[in-house]
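Letter by letter, the chains look like this.
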Amino acid sequence: MSEIHDLIDELSAISAGSELAESRQFRAAATEHTRGSYQALFSTGSESFPLALRAAIAAQVADWHQSAGLLQHYLRLAEEGVNPQRLSSALSFARRLTFQPVAATPADLAELQQAGWQTDEIITLAQLVSFVSFQSRLIHGFTLLESLTTAAEPLPVAPLPAPVTAGRWHTQPKTAGHRQAPLAFTRKPLGWEPWLPAKPFSDFSPQGQESLRKFGHQDSDYFRLLGRDQPVLEQRTLTDKGIFYTHGGLARAERELAATVVSKVNGCIYCASVHARKASQLSKLQDEVALLLQVQPGDPLSDGQSARWQAEIEAVAALSLTPPQLTTAHLQALQQLPLSTLEITDLIQSAAFFAWANRLMLTLGEPFIPAETATPATEKTTSA
């Protein structure tokens, strides 16, 4: 890893040999495929969606997240001559993804199409904005963690900010496709319908088909929709696996808890249904997960939880706000549990990844209640 330039290391000021550097090296797959996702999005462009336009959009998203180093990085990649109409329509969509993904509707995608954006380009645009949301949270969390763990003397314990509250969610009874929509968070299996046409499996190249089969995604509308940009999907999936399906460090149940908390902040009922179910199964804390799901908009997410889950929920929720509000005090609370640097690294990466996942799920489609929720087929849920 040390021989390869790593943008996250650079912008987080991670020193070689530090505890955080070693944690990122231990999580080599997540680190490698975070870089791979960046390369898939920003190494090349197309005639209608060139690198300069991608960088200009990414710079604005970084600015919205108050990520100064990331902003400067993308400004250096952006060049003059970007089509102002294309940029304006993209930024309108990007603002929605950044600040209010739960407010997205099919009309947002229709506006992009009317502005000349093709379906494949819209998927790349959504991935780009969501990826920069992921990047900015990694940098924010890692910068704080590196400063805390490399300080010459222990830092004074700072007071915790007020707990983050749950965000609002969709309450319309029917989806755009006229299916029954869930009106509350649940651990029951849900379906997800896209607002743009998923790519037919037969239209993928043999290599693309093999990639979908490898991860069990060939029958998923969600992944076949994201497959309209196959290189980004491939790297994103591997990043996901590197964060959530690895040994050591934070318990898998707590990584799933983080995914659920982010989904409560952003109002993503579908993602929460998948990951709350996993958190329940792995932790055996059915009542605690149910309590989290029942929190109403405007109410604190961590109320009634154990000291450990309270600290984790508050840190994850603070990182999930835009711009991120995670503080050194949140990390000190995690250290006092105690969580190791590797465990905190896992928590930050799990939370940051769902800033990416929620934004795709909420702005490219919506969940529905399957007609036959008890059939075995509905148990094959789509992870975000």
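Quick caveat, the model's predicted, so the values are computed rather than measured. (Residues numbered from 1 in each chain as written. Predicted model: local features only at pLDDT ≥ 70, side-chain atom pairs only at ≥ 80, totals over all residues. Heavy atoms only, no water.)

**Some thoughts on the overall build of the protein chain**
Put simply, the rule is: Each helix is a run of DSSP H or I of at least 4 residues and each strand a run of E of at least 2, with the numbering of both proceeding from the N terminus. Each radius of gyration reported is based on C-alpha atoms, and the globular scaling rule is 2.2 Å times the count of residues to the power 0.38. Burial classes: relative accessible area under 20% of the type maximum marks a residue as buried, over 50% as exposed, and values in between as partly exposed (1.4 Å probe, protein chains only). Contacts are residue-level and defined by heavy atoms, with any inter-residue pair within 4.5 Å sufficient. Throughout, the Shrake-Rupley method with a 1.4 Å probe supplies accessible areas, and for residues the shown protein chains are the sole cover considered. Charge assignment in this entry is limited to Lys and Arg as positive and Asp and Glu as negative, and neither His nor the chain termini are counted. Charged side chains are reduced to one point each, which is NZ for Lys, CZ for Arg, CG for Asp and CD for Glu.
Broken down by element type, the protein chain carries 17 helices and two strands. For a compact globule of 384 residues, the expected C-alpha radius of gyration is about 21 Å, and the protein chain comes in at 20 Å, within 12% of that figure. The principal-axis extents of the C-alpha atoms in the protein chain amount to approximately 55 × 50 × 40 Å. Of all 384 residues assigned to the protein chain, the portion counted as buried reaches 58%. The contacts of the protein chain with a sequence gap of at least 6 include a subset with a gap of at least 24, amounting to 76%. Summing over all exposed atoms, the protein chain offers an accessible surface of approximately 15700 Å²; the carbon and sulfur share of this is 52%. Here the protein chain contributes 30 positively and 38 negatively charged side chains, and the mean placements of these two sets differ by 6 Å.

**Section: the side chain of Ser320**
The cut-off we apply is this: In protein, a polar contact requires one atom able to donate a hydrogen and another able to accept it; more generally it is a pair of N or O atoms within 3.5 Å, and residues adjacent in sequence count only if both atoms are side-chain atoms.
Mapping Ser320 onto the fold places it in helix 15 (residues 307-320). A polar side-chain atom of Ser320 sits 2.7 Å from the main-chain carbonyl oxygen of Val316. When sequence neighbours within four positions are dropped, the list of residues in contact with Ser320 reads Arg137, Val262, Val265 and Asn266.

**What to know about the packing of helix 12 (residues 252-266) against helix 17 (residues 341-364)**
The condition that has to hold: Here an axis means a line fitted to C-alpha atoms, over the contact stretch when the element is a helix, while the angle between two N-to-C directions is reported on a 0 to 180 degree scale. For classification purposes, angles smaller than 35 degrees are called roughly parallel, those larger than 145 roughly antiparallel, those between 65 and 115 roughly perpendicular, and all remaining angles oblique. Each crossing gets its hand from how the near helix is turned against the far one by less than a right angle, where anticlockwise is left-handed and clockwise is right-handed. Under the convention adopted here, Pro, Cys and the residues Ala, Val, Leu, Ile, Met, Phe, Trp and Tyr are nonpolar, Asp, Glu, Lys and Arg are charged, and Gly plus all remaining residues are polar.
Axis separation between helix 12 and helix 17 bottoms out at 8 Å; the angle between their running directions is 45 degrees. The angle between the axes of helix 12 and helix 17 places the two elements in the oblique class. The two elements helix 12 and helix 17 meet at a crossing, and its hand is right-handed. Seen from helix 12, the contacting residues are Glu254, Arg255, Ala258, Ala259, Val262, Ser263 and Asn266; seen from helix 17, they are Asp346, Leu347, Ser350, Ala351, Phe354, Ala355, Asn358, Arg359 and Leu362. When its residues are assigned to classes, the contact of helix 12 with helix 17 shows eight nonpolar, four polar and four charged.

**A short note on the packing of helix 7 (residues 106-114) against helix 8 (residues 119-150)**
Taken N-terminus to C-terminus, the directions of helix 7 and helix 8 make an angle of 120 degrees; their axes are 10 Å apart at the nearest point. Classified by the angle between their axes, helix 7 and helix 8 sit oblique to one another. The handedness of the crossing between helix 7 and helix 8 is right-handed. Between helix 7 and helix 8, the contacting residues are Leu109, Leu112 and Gln113 on the first element and Thr119, Ile122 and Leu125 on the second. Residues that form the contact of helix 7 with helix 8 fall into these classes: four nonpolar, two polar and no charged.

**Some words on the environment of Gln180**
Mapped onto the elements, Gln180 comes out in the loop between helix 8 and strand 1 (191-194). The exposure class assigned to Gln180 is partly exposed, which follows from its relative accessible area of 46%. Aside from chain neighbours lying at most four places away, what touches Gln180 is Pro173, Lys174, Phe368 and Ile369.

**A word on the environment of Ala384**
Within the secondary structure layout, Ala384 lies in the segment after strand 2 (365-368). Residue classification places Ala384 among the buried residues on the basis of a relative accessible area of 2%. Along the sequence, Ala384 and Gly249 sit 135 residues apart, while their C-alpha atoms lie 22 Å from each other. Not counting residues up to four positions away in its chain, the partners in contact with Ala384 are Tyr222, Arg236, Cys271, His275, Phe353, Phe354, Ala357 and Met361.

**Quick look at the pattern of salt bridges**
Rules: Salt bridge criterion: a side-chain nitrogen from Lys or Arg within 4 Å of a carboxyl oxygen from Asp or Glu.
A full pass over the atoms with the stated rule returns 14 salt bridges. The salt bridge involving Arg24 is made with Asp6; its shortest N-O contact spans 2.9 Å. Pair noted here: Arg24 is in helix 2 (residues 19-26) and Asp6 is in the segment before helix 1 (7-12), with a separation of 18 residues, a long-range link. Here Arg24 falls in the buried class, since its relative accessible area comes to 1%. Residue Asp6 is classed as buried on the basis of its relative accessible area of 5%. Salt bridges sharing common partners tie together Asp6, Asp9, Arg24 and Arg35.

**Some points on the side chain of Arg54**
Relative to the helices and strands, Arg54 is located in helix 4 (residues 51-64). Although Arg54 is buried, it forms no salt bridge, and the closest oppositely charged side chain is Asp229 at an N-O distance of 5.2 Å. Within the local environment of Arg54, its side chain forms a polar contact with the backbone oxygen of Phe49, the two atoms lying 3.1 Å apart. Aside from chain neighbours lying at most four places away, what touches Arg54 is Ala40, Leu41, Phe42, Thr44, Gly45, Ser46, Phe49, Thr124 and Leu128.

**Digging into the UniProt feature "domain: Carboxymuconolactone decarboxylase-like" (unreviewed entry) in the protein chain**
Formally: UniProt positions are given in the numbering used here, feature names are shortened, and annotations may be inferred rather than shown by experiment.
Per the UniProt record, the feature "domain: Carboxymuconolactone decarboxylase-like" (unreviewed entry) sits at residues 232-294. The span residues 232-294 is 83% helical and 0% strand by assignment, and the distance between its end C-alpha atoms comes to 34 Å.

**A short note on the confidence of the model for the protein chain**
Any residue range with low pLDDT should be treated as having predicted coordinates unsuitable for detailed reading. The line we're drawing: The predictor attaches a confidence to each residue, and that confidence, scored 0 to 100, is pLDDT.
Here the protein chain averages 95 in pLDDT, while 97% of its residues score no lower than 70. When the criterion is pLDDT under 50, residues 374-380 qualifies, and its contacts beyond four places in sequence or with other chains add up to six contacts.

**A short note on the packing of aromatic side chains**
Here is the rule we go by: Only Phe, Tyr and Trp rings are paired, with Trp represented by its six-membered ring, and only when their centres lie within 6.5 Å; those with planes under 30 degrees apart are stacked, over 60 edge-to-face, the remainder tilted. Criterion for a charge above a ring: Lys NZ or Arg CZ within 6 Å of the ring centre, and within 35 degrees of the ring normal.
Under the criterion given, the structure shown has 16 aromatic pairs. Look at Phe131 and Trp356: their rings are 5.3 Å apart centre to centre, the planes differ by 70 degrees, and that puts the pair in the edge-to-face class. Of the two residues, Phe131 sits in helix 8 while Trp356 sits in helix 17, which places them 225 residues apart along the sequence. Residue Phe131 is classed as buried on the basis of its relative accessible area of 0%. With centroids separated by 5.5 Å and ring planes inclined at 50 degrees, the aromatic side chains of Phe353 and Trp356 adopt a geometry described as tilted. On the criterion of helical spacing, the pair formed by Phe353 and Trp356 is a turn pair, its members being three residues apart in helix 17. The same class applies to Phe353 and to Trp356, which are both buried. Members of the aromatic cluster, each reached through a chain of ring pairs, are Phe131, Phe134, Phe244, Phe353, Phe354 and Trp356. Over the face of the ring belonging to Phe49 we find Arg54, whose NZ or CZ atom lies 4.7 Å from the ring centre.

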